[in-house]
Structure formats: structure tokens, C-alpha cells
Amino acid sequence: MKIIAVVLIIAGLVTIFVPSFYTCQAHGKAIQLPGGKSIPMKCLWTARAEIGMGVLLLAVGIFLFPSPKLESRRFLSVLALILGIFIILYPTMLIGVCMNPDMPCVVLMKPILMLTGIVTGALGLVATVWNFIRKSKTE
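The present account deals with the structure reproduced in this document. (Residues numbered from 1 in each chain as written. Predicted model: local features only at pLDDT ≥ 70, side-chain atom pairs only at ≥ 80, totals over all residues. Heavy atoms only, no water.)

## Section: a nonpolar patch on the surface
On the surface, Leu125, Val129, Trp130 and Ile133 cluster together to form a nonpolar patch covering roughly 420 Å² of accessible area. Relative to the assigned elements, Leu125 resides in helix α4 (residues 104-133). (Patch = residues over 30% accessible without salt bridge, like charges linked within 9 Å, V, L, I, M, F, W, Y side chains within 5 Å. Areas by Shrake-Rupley, 256 points an atom, 1.4 Å probe, with all protein chains shown as cover. Salt bridge = Lys/Arg side-chain N within 4 Å of Asp/Glu carboxyl O. Helix = DSSP H or I, 4+ residues; strand = E, 2+ residues; numbered from the N terminus.)

## Things to note about the nonpolar core
Among the nonpolar cores identified, the biggest contains 16 residues, and Ile4, Leu8, Met53, Leu57, Val60, Leu64 and Leu83 are the most heavily contacted of them. Of all elements in the fold, only α1 (2-21), α2 (42-64), α3 (70-94) and α4 reach the threshold of two or more residues within this core. For Val60, the residues in contact, after removing those within four places along its chain, are Leu8, Leu76, Leu79, Ala80 and Leu83. Core analysis: the second largest hydrophobic core is formed by 11 residues, Val18, Cys98, Met109 and Leu113 among them. (Core = buried A, V, L, I, M, F, W, Y, C linked by side-chain atoms within 4.5 Å. Buried < 20%, exposed > 50% of the residue type's maximum accessible area, 1.4 Å probe, protein only. Contact = heavy atoms within 4.5 Å.)

## Points about the packing of aromatic side chains
One pass over the structure, following the stated rule, counts one aromatic pair. On the numbers, 6.2 Å between centres and 45° between planes, the contact of Phe86 with Tyr90 is tilted. Remark: Tyr90 and Phe86 occur in helix α3; sequence separation between them is four residues, near one turn of the helix. Across the ring face of Phe65, the terminal group of Lys2 is positioned such that the distance to the ring centre comes to 4.8 Å. (Phe/Tyr/Trp six-rings, centres within 6.5 Å; stacked < 30°, edge-to-face > 60°. Lys NZ or Arg CZ within 6 Å of the ring centre and 35° of its normal.)

## Regarding the environment of Ser67
By the element assignment, Ser67 lies in the loop between α2 and α3. Among the residues examined, Ser67 registers a relative accessible area of 12% and is labelled buried. Residues Ser67 and Met1 lie 66 residues apart in sequence; the distance between their C-alpha atoms is 9.2 Å. Every residue in contact with Ser67, bar those within four places of it in the chain, is listed here: Ser72 and Arg73.

This is the structure we're talking about:
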């Protein structure tokens, strides 16, 4: 379980830092309105949401690492599974990224976040199944 916790911590750090550097705004791109005002593209909002997911995932990994109780490991495993699903959903369906396939958010941020979400969800599923088939030491 400690290996899964370490991988979840790394996935949380990736989910926090990748969106910070690979949005269109980080590369100096924005939507120019006719009045001359510029507004951020929707990948910025995806990045901000993913940073929140990354912080939660980092906390799950940190709390899962020393957790001695089976019930808490079960809860944290289910939470990791849910976070993995949302890490995938934000750039694909919930908020999305830019439409232009040449933008850094489409080329780098989206695939990295999807891979991180798949790994997180898979590890959460494995840990959930493992913790639910295991008997508690007190039982």
C-alpha cells in the first residue's frame, strides 16, 4: 500500500505543476476581444480546477502512506478512484481545453493529465478492491 501511496503523491504533484506551465496563458496567448481587452482561454480554468484536484490527490497519498486502519485505507482508496475520474473529466468533458490542436494545452497538458488520471483511477481501483477483500486485523 505504501507504493500506491508514493505513486499517488507523485501523481498529485504532476497534477499540480503540469497545468501551471502548459496553459495558453503561460505561453502568452489569450483571446482578444474587439474592444482590445484580452481574456484567458478555457484551458486556464481547467488548469485551476486540476490544481485543486492535485492538492486533494497529494493529501490522499500523504494520508494513505502511514494509515494503519483498514477503514481509512478503504475510504482513501475510493477517494483516489474518484479523483482519477475527475482528473480525466476536467480537460475532456467538464471544462475542456482550447479548440486549436496546436495549443500547448492540447499538445501537452491534456495528454499528461489524462495519463495521470488513468494511473490514479487504476491505482485507486486496485487499492479499493484490495482493501475490500482484505480482512481487518481486528476481525
